[in-house]
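Geometric and topological summary
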Amino acid sequence: MRKPFIAANWKMHMISGETEAFITAFLPLVRDVKDVDILIAPPFTSLAAASRLLQSSPIIIGAQNVHYEEKGAFTGEISPAMLTDSGCSCVIIGHSERRQYFSETDEIVNKKIRTARKNSLEVILCVGESLEEREAGKTFHVLEQQLAGSLKDIPLSGMTIAYEPIWAIGTGKTASNEQANEAHAFIRGWLRKNREGADHIRIQYGGSVKPDNIAGMMAQPDVDGALVGGASLKPDSFAAIVTGASAK
Ligand code: PGA
């Protein structure tokens, strides 16, 4: 009932020539996949190249960040209208790297989601616990805080949630299928209690997703897709993840 949704988060990788080469190689590999929504989030400087090459493709173009004001004196920031103008229809907000290295709080994340949604951008909201928090038995508490703070007064339409345990990001350490599903089920349970439409919202898993672990993840009832970092940088490995999520 929920269409699988696989997203590539390229982080600070891929200049425009690399983006062009990736897309040219990637498109034929996924041409026959119709039952998976695919998103690519290149860095800002590669959005124009991606948007030109993906114009007549169903692949969604996403951004990795957005500012919470619509315009003004905010040197170095990027507005929702600038993203839309560059061909984006979605934006990743609250990634743990933004929270950790750029001091993004749930309050800032909430403001960003509001502005993005007001400007018709779909949003992938990232939540997830650190290793320390998991070991202290605080995973659900952390998820609840992040959801309540980030989604304050925000309805679920146009939203995707990405569960990304920080200890699994870029470490090669994937959460087990059961650990992921347990967290996803908790997130969906919280959403059911607090919002309309929780059964329709897609919850992606993120953290060292690879071609060889996607099928096991997708077999979990509450896992609806993946947010992929490292393994999304090569066309063949990202295509293998997309096809691995096909026909869930
Ligand atoms: P990873 O990153 O796949 O390299 O672990 C995932 C993410 O940060 O979105």
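What you see is a predicted model; the values in this text were computed from it and never measured. (Residues numbered from 1 in each chain as written. Predicted model: local features only at pLDDT ≥ 70, side-chain atom pairs only at ≥ 80, totals over all residues. Heavy atoms only, no water.)

**Structural notes on the site of the ligand**
If you check the shell around the ligand, you find 13 residues, and the closest are Lys 11, His 95, Glu 164, Gly 170 and Ser 208. Between the ligand and Glu 164, the relevant distance is 2.7 Å, taken from an oxygen atom to a side-chain nitrogen or oxygen of the residue. Here Ser 208 contributes a backbone N or O atom positioned 2.8 Å from an oxygen atom of the ligand. Within the shell around the ligand, the residues separate by chemical class into four nonpolar, seven polar and two charged. (Near = heavy atom within 4 Å. Polar contact = N/O pair within 3.5 Å; in protein donor to acceptor, adjacent residues only side chain to side chain. Nonpolar A, V, L, I, M, F, W, Y, C, P; charged D, E, K, R; others polar.)

**Remarks on the environment of Val 209**
Among the structural elements, Val 209 can be located in the loop between β7 (202–206) and α9 (214–218). For the pair Val 209 and Ile 241, spaced 32 residues apart in the sequence, the C-alpha separation amounts to 8.1 Å. Here Val 209 is in contact with Ile 214, Ala 226, Val 228, Ala 231 and Ile 241, once residues within four sequence places are set aside. (Helix = DSSP H or I, 4+ residues; strand = E, 2+ residues; numbered from the N terminus. Contact = heavy atoms within 4.5 Å.)

**Describing the sheet that holds β7**
Spatially, eight strands are ordered β1-β2-β3-β4-β5-β6-β7-β8 in a closed barrel, and the strand pairing comes out parallel. Taken pair by pair, the neighbouring strands of this sheet meet at an average axis angle of 25°, ignoring direction. Bridge count between strand β4 (residues 90–93) and strand β5 (residues 122–127): four bridges; the pairing is parallel. Counted as the bridge partner of Ile 93 is Leu 125 from β5. (Pairing = 2+ DSSP bridges. Axes fitted to C-alpha atoms, helices over the stretch in contact; angles between N-to-C directions.)

**So, the packing of helix α5 (residues 106–118) against helix α7 (residues 139–150)**
Interaxial distance between α5 and α7 falls to 8 Å at its minimum, and their mutual angle equals 45°. When the axis of α5 is compared with that of α7, the two are oblique. By crossing handedness, the relation of α5 to α7 is classed as right-handed. Across the interface between the two elements, Asp 106, Val 109, Asn 110 and Ile 113 of α5 pack against Gln 145, Gln 146, Gly 149 and Ser 150 of α7. Class assignment of the residues belonging to the contact of α5 with α7 gives a composition of two nonpolar, five polar and one charged. (Parallel < 35°, antiparallel > 145°, perpendicular 65-115°, else oblique. Left-handed = near helix turned anticlockwise from the far one by under 90°.)

Geometric values such as these leave the question of function open.
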